[in-house]
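Topology and contacts: notes
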Amino acid sequence: MKFALKTFIGVAFVTIALSSQLVHVFSQESGSLDASVREAESKFLSQIRQLTFDGLRSGEGYYSADGRQMVFQSEREADNPFYQIYWMDFDSGDVERVSPGYGKTTCAWIHPDGKHVLFASTQFDGSAREKQQAELDFRNSGQTRRYSWDYDPEFELVEWNRETKEYRRLTQAQGYDAEACYSPDGEWIVFSSNRRAYASELSPSERALFELDPASAADIYIMRRDGSDLRRLTEEVGYDGGPFFSPDGSRICWRRFSENGAVAEIFTMAVSGEDVRQLTRLDAMSWAPFYHPSGEYLIFATNIHGFGNFELYLVDAMGSKDPVRVTWMDGFDGLATFSPDGKQLAWTSNRTSNKRSQIFIADWNHQAAIEALGLQTLSEDIESRSIAKSNVSRNAVDFRASDIGRHIDYLCRPELGGRLTGTEGERKATAYVASYFENLGLEPAGNNGGWYQEFPFTAGIELGDNNELAWGENSATLDRDWRPISFSRSGRVEPTQVVFAGYGIVAPQDGNQEEYDSYVHLDVEGKWVLVLRQMPSEVSPERRQHLARYSSLRYKATAARDRGAIGLIVVSGPTSGVRNQLVPLQLDGSLSGTSIAAISVTDAIAESWFAGTDESLAELQKLLDRGEMMMGFKLPSVKLTASIDIRQVQKQGRNVLGILRSDAKEPRPLLVVGAHIDHLGQGQGGTSLAKEEERNGIHFGADDNASGVAGMLEIAEYLAGQKREGRLALKQDILFAAWSGEELGLIGSAYFADKFFETYPERAPHHAVASESQGSSPLYPAISASLNLDMIGRLREALVLQGIGSSPVWEQEIERRNVVARLPVTLQNDSYLPTDASSFYLKGVPILSAFTGSHSEYHTPRDTPELINFEGAANIAKLMGLIARGLATSESIPEFVAQKAPENQGQRAMLTAYLGTIPDYAKADVKGVLLSGVASSGPAAAAGVKASDVVIELAGKKVENIYDYTFAIEALRAGQETEIVVQRGAETIRLKVTPTSRQ
C-alpha cells in the first residue's frame, strides 16, 4: 500500500525503486558487515530467502487465509509499465496474473473464501490504454522519471473471481479508491480514498493543500463487501491510508501523515472509528503497519535511522512499549505481512544483488518478539486450553461439587496471579473459559467471530521524566517533598505567585447550614492557590456532612479553576492526622483531567512558604478547624515554578462470550448468564482489604469470583448437554459471559452493554422480536434478562437473590425451580447492585443476581479455595441453571420494572475516617447493618465491635441500611472518639470508637 507524499518519494524514497545510496547485498558470502547484519536480524528472522525474482520490481505480498497462496504486485511485463496483480500458489509455484493487463493496479487481498481477489485498478478509465502507451513511449525515448505515486482519481476497487475470471467493480465515486483489504470474516472492506475532494467537501485551505498534494484529502472508509453501509472513519487533514483489520476484525491499523506530510505515525482504531490510539511517536516516516495474528503487536517500517533507510520495527498493540527493531540492512525494508499462522514474515526489500526491490520471506520468531516487547507469552493460552479440555472430559453434565472445585482450582492457581484485568493472569483465565465454551459446543460470540471482546481501559497513571518544582533558589524532591495529583494537567508553569485560600471549599447554603466560601474577596486570577487537604475538623457532624460534599480535591480544583487560578497546591496540615502527607498518585474514579496544574506538598514545604509573614500553617489550620472563615492572602516571598508530567497507563482487558442458539433462523431474544472472571491481582487496584503483613500478596479470589465463573460454566455445560441430547427446545438464545474489569468498575460488562448493537447489529431493535411488555429501554427486549453469579462460594445460612424488584416474574420462577434445588433463599428487591448485573439493569433489562454474602476474607489474599462450600456452589448453579432453562424455553420474556434509586445511592460519600468494619450485604431483612467481620487491627475491633453485630447507630445517627451507615461515617473525624451502638443478639451495646484516617 502506497506511501503518501509524492514529493517525498520523488526526492529520496522509492517504495520499490532504488536510491543511489550504497546497498549491502544479501548473500551468504557477504563480508563482515553483512555477517553482523545477519546476526542482528537472526533474533527474529531465520531462513531468509527471496520469493520473487521477475520484472523491474515486485512487492506488497499478502497471504491467503489458509497461507497457501499469495497475491502481490509486480512490474514485469514488457507492454505494461505499471504494476499488475499476480497470484502465487505455494503448492506448485505457479504464478497467474489477476489484473487485466492494462491500467494501473495496486494493493491486492485474497478473500477468506480463497476464490476472490480484491485490488484497486484504473482499468475502467477509458484512457487507460492510451496512458499506458504514452508511458511506454516516454521510456523508450530513453528518458526516466523518479518513482512517485500519483493518486490517480480513476482508481476503483475491483473484485476478481478466480473461477470465472470476471471482474466486479465495487466503487463508482470519482477520486482515488485504493489500499483495500477484506475483514477476517470477508463481510467488510476497509480502504483509503480522497473522494471527498472531488465532491467539493474541502475547506479553502484544504483545497489549496490538495492541489499541492492529492494524498492530503485521503481518509479511511469502511463498507460492506457489496458496497453498502459506506462510512468514513477518519476526518483529520492529511493522508490516512494503508488500513488493515486486526486478526479478530475488531480494530483497524493505518498510517497517518501530518498535515505538511513531513511525519507519519502508526495508529489503530475500533472498526466504528472510535477509540483511536497512536502507537508510535518516532517523529519520522513510520508507515505500512500490519498485525501479527496473535493481535499482540504490529510490524511497520520507519526511516528513523536515515532519510532513505527504511527498517522494520515492532510495536505492541497498545503502543505502551518502545518499538523494537527487526531489520538492519541499509536501503529499503518495508510492507511486511505475517502468514496466518504467524510463523512466517514476508516483506519487500531491495537487498537483492541487482538492487531491485522484490519480496522476501523468512521464518518468524514470535516468542522472541513477545519477549523483546515485554509482553506476556501466549504459551500459557495453550496450557489453559489444554486444562479446560481435560476438565470438560472429566466433568459431568449435571451439577457436581467436584466440577466446581476443578474450575476454582485452576482459576486460583498462583501462576494466574489474582486475575487482574489486563494482565497475563486474566489472559490465562479467559483462555481457559474460551476453551471450555468451545469444547462444550457453544458458538463464539465475541468480536468478528472470536471468543473474546476486547475493551480498552486506563489501568492507572504514572509519572513521566519531566517533573520539577522550584521557587527562588530552592527546589523540591519528587515523591518526598511533593507529587502531582492524578487529575492535574501536564505541562510547565512559569514562576507564579502563591495565594493561601484556607480549605479551598465553596459550599452553598443548604437549609440550616450556612454558606462557606474560602474565596471571599480573594483574587486568585493567574496564581497558584494553596489549600488544606480535607475540611474543618472541629465542627458538628452535621456541618462536616454538609462540607464533605464540597471538600473533595476535584471540587477544590474546580473552584480554583473557575476563579482563574493557574494551579492548585494541596497540603495536609499538621492537624489532619493523615498517614501520608502527600496525596497518593492513583485514579479517583474518573479518567478526566482538569485544565489547571494540581500538586500536593508536605507540611514542611508549605510551612516554609509562610516565612516573611506573621502567620504559620499550623496556627492557621487550628483557627480554620473551628469552622470559621477567614480572608485568604498572598505569600509574598514565593513564586513557584513547576513542570508536571503525568501519563495514563492504557491496557486492554477481554470478556469471553459464547452463545447457545435456538433453532430459529432469525435471532431470538438473548438471555445473558454471566459472572466476572477478574480479581485484584496483588491488590494494586486500591480496593484491597489486606492486612499490613499481607500487602502485595496474591488475592486469589476463590469466592470473588472464581466461584461465580465455576457456576456459570456448570450452567453452560448443563444446558449445552440438554440441547445436544434433544431435551432443550430453546425459544431464546443464551449468551454465556465471563466479564472482566468488574473490580475496576464493571468495565467489561458496561462495554458490552454500550456496544451491544455494534457487536450484534442483527439484534438491533428493527430485528428484535416484539413483546407486549417491550417498553422503550435501550437493550430490552433484545436482551430478555440477565442472570448474574457473583460470589456464590460461601453458602451458610441462605442464598441471597438480588434484583427481585426488576421484574414480577422472579418470585414465582424462583419458587418453582427451588422445588428441585431446595436452597434456603433470601430475596432482595434492590436492583442497584455493585456487580455486573447493574450494567444491564441501567439499560432496562430485568436482572437476577446470586450472592452468598461478604466475609472477613473478602478482597484479601485469604479468599482461597479451601474455604469454599463446593456443594453449596453446585446447588446454587443448579438453581440458576433451572431458572435460565425456564426463561429460555418460554416464548414470553420477563417484564421490566424500573425502580427508584435508593436515597443517597447516586452520591459518593467523602470518607476520611476508617473504622475497619465489613458489612454483610446479604442480610437485607435486618434493620441496621449486619457486620460479617471486623478488621483485627482496626478501630472497631479495638472498641469491642464483633462479627455478627448489627450497627444501629453511629455518632448519634440512626442506621437502618448501608447508605445510612456510609454517610454517618462521612461525618466522623479521624482521631475523635465517638459512640457506636450495636445489637448483639437481644442485647443493645454502646461502645466508644476512635476512627483513624483513611488517607
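On a predicted model such as this, the values are computed, not experimentally measured, just so you know. Here the residue numbering is sequential within each chain, running from 1 through the sequence in written order. Where local features are concerned, this predicted model is filtered to residues with pLDDT of at least 70; where side-chain atom pairs are given and counted, the filter is 80 or more; whole-chain, interface and lining totals use all residues. Where side-chain values are given, they derive from all heavy atoms of the structure, hydrogens and water being excluded.

A short note on the overall build of the protein chain
Heads up, the rule is: Comment: elements are numbered from the N terminus, with helices defined as DSSP H or I runs of at least four residues and strands as E runs of at least two. Every radius of gyration here is taken over C-alpha atoms, with the globule rule written as 2.2 Å times N^0.38, N being the number of residues. Working rule for contacts: check all heavy atoms of both residues, and any pair within 4.5 Å makes them a contact. For every accessible area listed, the method is Shrake-Rupley and the probe measures 1.4 Å; residues are considered covered only by the protein chains on display.
Scanning the protein chain for helices and strands turns up 21 helices and 51 strands. Against the globule reference of 30 Å for 999 residues, the protein chain gives a C-alpha radius of gyration of 33 Å, in line with a compact fold. The principal-axis extent of the C-alpha atoms belonging to the protein chain is close to 105 × 85 × 55 Å. Contacts spanning at least 24 positions in sequence make up 68% of the contacts within the protein chain whose residues lie at least 6 apart. Carbon and sulfur atoms make up 46% of the accessible area of the protein chain, which totals about 39,300 Å².

Points about the pattern of salt bridges
Going by this rule: Here, a salt bridge means any Lys or Arg side-chain nitrogen found within 4 Å of an Asp or Glu carboxyl oxygen. Using a 1.4 Å probe on the protein chains alone, a residue whose accessible area is under 20% of its type maximum counts as buried, one over 50% counts as exposed, and one in between counts as partly exposed.
For the coordinates displayed, the defined rule picks out 58 salt bridges. The salt bridge involving Arg-139 is made with Glu-135; its shortest N-O contact spans 3.1 Å. On the criterion of helical spacing, the pair formed by Arg-139 and Glu-135 is a turn pair, its members being four residues apart in helix α3 (residues 128-140). In this structure Glu-135 comes out as buried when scored by relative accessible area, which is 11%. Of the charged contacts, one joins Asp-562 and Arg-561 as a salt bridge, the two residues approaching to 2.8 Å between their closest N and O atoms. Residues joined by salt bridges that share partners form a network here, namely Lys-104, Asp-125, Lys-131, Asp-150 and Asp-152.

Focus: the pairing of strand β11 (residues 188-193)
In plain terms, the rule: Strand pairing is assigned whenever DSSP detects at least two bridges linking the two strands.
Here β11 lies mainly inside the structure; six of its six residues are buried. Across four bridges, the pairing between strand β10 (residues 177-182) and β11 is antiparallel. Looking at β11, one finds that Cys-181 is bridged to Val-190. Between β10 and β11, which pair antiparallel one after the other, the connecting turn spans five residues, and Gly-186 there sits at a positive phi close to 80 degrees. Examined bridge by bridge, β11 and strand β12 (residues 219-224) share six bridges and lie antiparallel to one another. Counterpart to Ser-193 in the pairing with β12 is Asp-219.

A look at the pairing of strand β8 (residues 156-161)
Of all the six residues making up β8, six are buried; the element is thus mostly covered by neighbouring parts of the structure. Here β8 shows a buried face lined by Glu-156, Val-158 and Trp-160 and a second buried face lined by Leu-157, Glu-159 and Asn-161. The pairing of strand β7 (residues 116-121) with β8 spans six bridges and is classified as antiparallel. Note on β8: the bridge partner recorded for Phe-119 is Val-158. Direction of pairing for β8 relative to strand β9 (residues 167-169): antiparallel, over a ladder of three bridges. Bridge pairing in β9 places Val-158 opposite Arg-169. Counted between consecutive antiparallel strands, the loop separating β8 from β9 contains five residues, among which Lys-165 sits at a positive phi close to 65 degrees.

So, the confidence of the model for the protein chain
As a reminder of what qualifies: Confidence of the predictor in every single residue is expressed as pLDDT, which spans 0 to 100.
Summing up the model confidence of the protein chain, the mean pLDDT is 87 and the portion of residues at 70 or higher is 91%. Here residues 767-777 is modelled with pLDDT under 50, and outside its nearest four sequence neighbours on either side it reaches 17 contacts, counting other chains as well. Low pLDDT, under 50, characterises residues 904-909; the predicted model gives this stretch 11 contacts beyond four residues in sequence or across chains.

Quick word on unusual backbone geometry
Here Asp-704 and Asn-705 are connected by a cis peptide whose omega angle stands at 0 degrees. Phi at Lys-165 is positive, roughly 65 degrees, even though this residue is not glycine. Not every positive phi belongs to a glycine, and Ala-288 is a case in point at roughly 55 degrees. The class of Ala-288 is buried, set by a relative accessible area of 6%.

A word on helix α11 (residues 553-562)
Under the convention used in this document: It is the directions from the helix axis to the C-beta atoms that the arc portrays.
Every buried residue of α11 is accounted for by Leu-553, Lys-556, Ala-557, Ala-559 and Ala-560. Projected down its long axis, α11 shows its buried positions confined to an angular sector of 160 degrees, all on one face. Among the residues trailing α11, Gly-564 stands out with phi positive, at a value near 95 degrees.

Points about the side chain of Thr-602
Among the structural elements, Thr-602 can be located in the loop between β35 (597-601) and α12 (603-609). Setting aside its immediate chain neighbours within four residues, Thr-602 contacts Arg-480, Asp-481, Val-571, Gln-581 and Leu-582.

Section: helix α17 (residues 810-821)
Each turn of an α-helix holds 3.6 residues, which means side chains three or four residues apart point in the same direction. Filter applied, for reference: How far a helix is expected to stretch is found by multiplying one less than its residue total by 1.5 Å.
When the terminal C-alpha atoms of α17 are compared, their 16 Å separation across 12 residues agrees well with the 16 Å that a helix rising 1.5 Å per residue should span. Every buried residue belonging to α17 is among Trp-810, Glu-813, Ile-814, Asn-818 and Ala-821, and all of these are buried. All buried residues of α17 project into a common sector of 120 degrees when viewed along the axis, lining one side. Exposed positions of α17 whose direction lies more than 90 degrees from the buried face are Gln-812, Glu-815 and Val-819. Arg-822 sits one or two residues past α17 and shows a positive phi near 60 degrees.

Looking at the packing of aromatic side chains
Aromatic ring pairs are described here by two measures, namely the spacing of the ring centres and the angle between the planes. Stated formally: In this analysis, rings of Phe, Tyr and Trp, with Trp reduced to its six-membered ring, are considered paired at centre separations within 6.5 Å, and the interplanar angle assigns stacked below 30 degrees, edge-to-face beyond 60, and tilted for intermediate values. Two conditions define a charge located above a ring, namely a distance within 6 Å from the ring centre to NZ of Lys or CZ of Arg, and an angle within 35 degrees of the ring normal.
With the rule as written, the count across this model stands at 46 aromatic pairs. Measuring from centroid to centroid gives 6.1 Å for Phe-455 and Tyr-751, while their planes differ by 40 degrees, and the two rings are tilted. Here Phe-455 is found in strand β26 (residues 452-463), whereas its partner Tyr-751 is found in helix α15 (residues 747-754), with 296 residues between them in sequence. The rings of Trp-739, Phe-752, Phe-756, Phe-757, Tyr-760 and Phe-840 are connected pair by pair, giving a single aromatic cluster. For the cation-ring pair, Lys-104 lies above Phe-82, with the distance from its terminal atom to the ring centre recorded as 5.5 Å. A cation over a ring is seen here: Arg-195 above Tyr-221, with NZ or CZ 5.6 Å from the ring centre.

Thoughts on the environment of Pro-919
With respect to the helices and strands, the residue Pro-919 is situated in strand β45 (residues 917-919). Between the C-alpha atom of Pro-919 and that of Ala-947, which follows or precedes it by 28 residues, the distance is 9.2 Å.

Quick notes on the nonpolar core
As a reminder of what qualifies: Here, the term nonpolar core denotes a set of buried Ala, Val, Leu, Ile, Met, Phe, Trp, Tyr and Cys residues that are joined through side-chain atoms within 4.5 Å.
Grouped together as the largest cluster of nonpolar side chains are 83 residues, with contacts concentrated most on Leu-314 and Trp-364. Looking at this core, the element that brings in the most residues is strand β19 (residues 297-302), giving five residues. Residues contacting Trp-364, with those up to four places away along its chain left out, are Phe-44, Leu-45, His-292, Tyr-297, Leu-314, Val-326, Phe-338, Gly-342, Lys-343, Gln-344, Leu-345 and Ala-369. In this structure, Ala-675, Ala-716, Leu-730 and Ile-883 belong to the second largest nonpolar core, which totals 69 residues.

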